[in-house]
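Next come the chains, spelled out residue by residue.
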Amino acid sequence: IRETSGIEIALIAGNLPGFNSPPAPPPDSYASEPTSDVMVLTLKIPAGSSWSLPAYAGSTTGLNRNAYIHTGQKSKVGDQMISGQKRLKLHPDVETEFTAVDEGIEVLILQGRDIGEPVVQHGPFVGNSREDISKAFKDYQATGFGGWPWPSESLAHDRHRQRFAQYSDGQVDERPMPEA
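Notes on the structure in this doc start here. Bear in mind that the values here come from a model prediction, so they are computed numbers and not experimental data.

Our next topic: the side chain of Ser 75. In this fold, Ser 75 is placed in strand S6 (residues 74-77). Here Ser 75 falls in the buried class, since its relative accessible area comes to 1%. Discounting residues that sit within four places of it in the chain, Ser 75 has contacts with Ile 69, Gln 80, Met 81, Ile 82, Thr 99, Val 101 and Ile 105.

See the structure below:
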């Protein structure tokens, strides 16, 4: 995380001029392929401040860059005034200035190349075909993706049980509830 003039910039993945490289992605991840050009960046920009995302220096063929403004009510991106939370498709070959107008904003920037495969999405499921989506629904309905190994479907503990912690070695530490 780098802080400059009150602006917090965190490079989570990828490369950005002037920044140290973040930890490497998992070796089997698409992000570990240098040609994927994956970048994940978060920004916290206080009111009245601006920061510019540099243009991508290499080939932008098949390269996608999106900004998600998720905090703040009024911002300016390039020459465009933005109200509220929005997703913006950016041109990776153009430097983009982000400005927090009346209050601070927080922005997530995601960049990467097309994977060159068909993508089908329905609800929370993503696959390469309708058959993938159908199979995901069936798997989820049958097992909840791994199943629930406890005898009850309830997500809560007994209402009258003391506070407790159970450790990986099996030890249980119980403590009384505080007086109301």
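Enumeration over the complete set of coordinates arrives at four salt bridges. Here Asp 37 and Arg 113 are joined by a salt bridge, their closest N and O atoms 2.8 Å apart. With Asp 37 in the loop between strand S2 (7-13) and strand S3 (39-45) and Arg 113 in strand S10 (residues 105-113), this residue pair connects regions lying 76 residues apart in the sequence. Since its relative accessible area comes to 16%, Asp 37 is described here as buried. On the basis of relative accessible area, Arg 113 is assigned to the buried category, the value being 17%.

Our focus in this paragraph is the packing of aromatic side chains. Counting across every chain of the model gives two aromatic pairs. Centroid distance Phe 125 to Phe 137: 4.7 Å. Interplanar angle 65 degrees. Geometry classified as edge-to-face. Here the residue Phe 125 occupies a position in strand S12 (residues 125-127), and Phe 137 occupies one in helix H1 (residues 130-143), the gap between them amounting to 12 residues. The buried category is assigned to Phe 125, whose relative accessible area is 11%. Joined through ring pairs, the aromatic side chains of Phe 125, Phe 137 and Tyr 140 make up one cluster. The ring of Phe 19 carries Arg 2 above its face, with NZ or CZ at 4.0 Å from the centroid.

All right, on to the pairing of strand S14 (residues 172-175) then. Working note: regular strand, side chains alternate between the two faces of the sheet. In this structure, strand S13 (residues 163-166) lies alongside S14, joined through four bridges in antiparallel fashion. Note that in S14 the partner of Gln 166 across the bridge is Val 172.

Rules used in this analysis
Residues numbered from 1 in each chain as written. Predicted model: local features only at pLDDT ≥ 70, side-chain atom pairs only at ≥ 80, totals over all residues. Heavy atoms only, no water. Helix = DSSP H or I, 4+ residues; strand = E, 2+ residues; numbered from the N terminus. Buried < 20%, exposed > 50% of the residue type's maximum accessible area, 1.4 Å probe, protein only. Contact = heavy atoms within 4.5 Å. Salt bridge = Lys/Arg side-chain N within 4 Å of Asp/Glu carboxyl O. Phe/Tyr/Trp six-rings, centres within 6.5 Å; stacked < 30°, edge-to-face > 60°. Lys NZ or Arg CZ within 6 Å of the ring centre and 35° of its normal. Pairing = 2+ DSSP bridges.

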